[in-house]
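If you want the building blocks of each chain, they are given just below.
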Amino acid sequence: MGTFISGVPDLMEWGLRGPALSSRRASTLRFVAVAGFLVLWSMASGIVVVMKLFNPIFLPGPWVVIGKVVEMGVKGQLWAHVGATMERVAVGFTTGAVLALLLGIVAGHVRVVRNVVEPIIELLRPIPPLAVLPLFIVWIGIGETSKVGFITYATFFPMFLTTVHAVRQIDPLLVRAAQSLGAGSLQVFRLIILPAALPEILTGVRLGVALSFFVIVISEFIGAEHGLGYLINDGRNFFLVPQMLGAAIVLGLLGYTGNALVRLLERRLLRWQSPS
């Protein structure tokens, strides 16, 4: 209760959710959560061995999995697979983000474009990405282009929809007020539309980042010689469970890092939301 409340937004946040945690305490809670998960995993692995529930090879302990990741990293095997996955994710996500943001901003601002584009988007959006992967392979082969195109397709829709919604929810009075004061189209976009829509746009970008790491594994199951998805599929074929789990953990860490980078960008671009 001795925490200083600097303004009305902080007071409202305090009343709704309680006092904000310090960064040190939040980091401690995250560490405890991860440590607790590893302890539970270790206990489950030990119970399987002691009680002989099934073959222990199918549930190795966390230290076995981490040791396998370290071994592949020391031998240099891991980095080629990480590099291949990151290259595909970077190209596919960037392409999808550029297309979604450009088309979403125009569609959200211009009603004619929205009426033309939205029916097509709503027709394609319910189709699961896995259902169109065979089509990508038939159309453009099993090379890198199909994998990048698959990621672009999967990540485009959430970013497009959040961008359109972000632009549409802007108060038109703000736009009219700026225009009445002599602001041109470029100034209205830069000073009104983009700042107001940016929080929701960045939320869509976070969804796109997570989804790109989700679908890359599927695309690397087919016709790939490098990549974390290839490691998982290779481990499945030869019952190399530590390799499977290790590649999955590395993939999760990469996704977590990507989300953290977007959150960092969000804090820097949206400093006006939390002036304190």
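Note that the structure is predicted; figures quoted are calculated from it, not measured.

A. View of the pattern of salt bridges. This structure, assessed with the given rule, holds 5 salt bridges. Put simply, lysine 75 and glutamate 71 hold a salt bridge, and the shortest N to O gap is 3.0 Å. Within this pair, lysine 75 and its partner glutamate 71 are both found in helix α3 (residues 62-75), separated by 4 residues, close to a single helical turn. For glutamate 71, a relative accessible area of 34% puts it in the partly exposed group. Of the charged contacts in the structure, one is a salt bridge between glutamate 266 and arginine 263, with a shortest N-O distance of 3.5 Å. Of this pair, glutamate 266 and arginine 263 both sit in helix α11 (residues 241-269), 3 residues apart, roughly one helical turn. For glutamate 266, a relative accessible area of 15% puts it in the buried group. One salt-bridge network, held together by shared partners, links Arg88, Glu144 and Glu220.

B. Geometry of the nonpolar core. In terms of nonpolar packing, the biggest core is built from 48 residues, with Leu78, Phe160, Val205 and Leu228 touching the most fellow members. Excluding its chain neighbours within four sequence positions, the residues that come into contact with leucine 78 are Val69, Met72, Gly73, Leu228 and Leu231.

C. Region of interest: the domain arrangement of the chain. Partitioning the chain into structural domains gives domain 1 (2-59) and domain 2 (65-273). Taken over C-alpha atoms, the centre of domain 1 sits 27 Å from the centre of domain 2. Facing 4 residues of domain 1, the contacting portion of domain 2 comprises 6 residues. Between domain 1 and domain 2, a total of about 420 Å² is buried, with carbon and sulfur atoms accounting for 83% of that surface. It is Trp41, Ile57 and Phe58 in domain 1 that bury the most area against domain 2; as a group they hold 80% of the surface buried on that side. In this assembly, domain 1 and domain 2 are joined by 0 salt bridges.

D. Structural context of the environment of arginine 111. As for its position among the elements, arginine 111 is in helix α5 (residues 111-124). Owing to a relative accessible area of 61%, arginine 111 belongs among the exposed residues under this scheme. Placed 57 residues apart in sequence, arginine 111 and arginine 168 show a C-alpha to C-alpha distance of 9.7 Å.

E. Focus on the environment of valine 250. Tracing the sequence through the fold places valine 250 in helix α11. Owing to a relative accessible area of 11%, valine 250 belongs among the buried residues under this scheme. Along the chain, valine 250 and arginine 125 lie 125 residues apart, while their C-alpha atoms are 29 Å from each other. In this structure valine 250 touches Val69, Val82 and Leu228, once residues within four positions along its chain are discounted.

F. Representation of helix α2 (residues 23-51) in the model. The end-to-end C-alpha separation of α2 is 42 Å, in line with the 42 Å expected for 29 residues at 1.5 Å each. Ala26, Trp41, Ser45 and Val48 are the residues of α2 that are buried. A positive backbone phi angle near 55° is found at lysine 52, which sits one or two residues after α2.

G. Focus on the packing of aromatic side chains. Under the defined criterion, the tally for this structure stands at 8 aromatic pairs. A ring pair is formed by phenylalanine 156 and phenylalanine 157, whose centres lie 5.4 Å apart and whose planes are at 80°; its orientation type is edge-to-face. Given the relative accessible area of 13%, phenylalanine 156 is considered buried. Both rings, one in phenylalanine 156 and one in phenylalanine 160, keep their centres 5.5 Å apart while their planes meet at 20°; by these two values the pair is stacked. Placement of both phenylalanine 156 and phenylalanine 160 in helix α7 (residues 144-168) is noted, with a separation of 4 residues, approximately one turn of the helix. The same class applies to phenylalanine 156 as to phenylalanine 160, namely buried. Among the aromatic residues, ring-to-ring pairing joins Phe136, Trp139, Phe150, Tyr153, Phe156, Phe157 and Phe160 into one connected group.

H. Structural view of a nonpolar patch on the surface. Among the surface-exposed residues, Val39, Leu40, Met43, Ile47, Val49, Val50, Met51, Leu53, Phe54, Ile57, Phe58 and Phe239 lie close enough to one another that they form a single nonpolar patch of about 1,200 Å² accessible area. With respect to the helices and strands, the residue valine 50 is situated in helix α2. On the basis of relative accessibility, which here comes to 67%, the residue valine 50 falls in the exposed class.

I. View of the packing of α3 against helix α4 (residues 77-109). Following both chains from N to C, one finds α3 and α4 inclined at 90°, their axes separated by 4 Å at the closest point. As the angle between them shows, α3 and α4 are arranged roughly perpendicular. Across the interface between the two elements, Val69, Met72, Gly73 and Lys75 from α3 touch Gln77, Leu78 and Trp79 from α4. Among the residues forming the contact of α3 with α4, the class breakdown is 4 nonpolar, 2 polar and 1 charged.

Criteria and thresholds
- Residues numbered from 1 in each chain as written.
- Predicted model: local features only at pLDDT ≥ 70, side-chain atom pairs only at ≥ 80, totals over all residues.
- Heavy atoms only, no water.
- Salt bridge = Lys/Arg side-chain N within 4 Å of Asp/Glu carboxyl O.
- Helix = DSSP H or I, 4+ residues; strand = E, 2+ residues; numbered from the N terminus.
- Buried < 20%, exposed > 50% of the residue type's maximum accessible area, 1.4 Å probe, protein only.
- Core = buried A, V, L, I, M, F, W, Y, C linked by side-chain atoms within 4.5 Å.
- Contact = heavy atoms within 4.5 Å.
- Domains from an automatic or database assignment.
- Buried area = accessible area lost by both parts, 1.4 Å probe.
- Expected span 1.5 Å × (residues − 1).
- Phe/Tyr/Trp six-rings, centres within 6.5 Å; stacked < 30°, edge-to-face > 60°.
- Patch = residues over 30% accessible without salt bridge, like charges linked within 9 Å, V, L, I, M, F, W, Y side chains within 5 Å.
- Areas by Shrake-Rupley, 256 points an atom, 1.4 Å probe, with all protein chains shown as cover.
- Axes fitted to C-alpha atoms, helices over the stretch in contact; angles between N-to-C directions.
- Parallel < 35°, antiparallel > 145°, perpendicular 65-115°, else oblique.
- Nonpolar A, V, L, I, M, F, W, Y, C, P; charged D, E, K, R; others polar.

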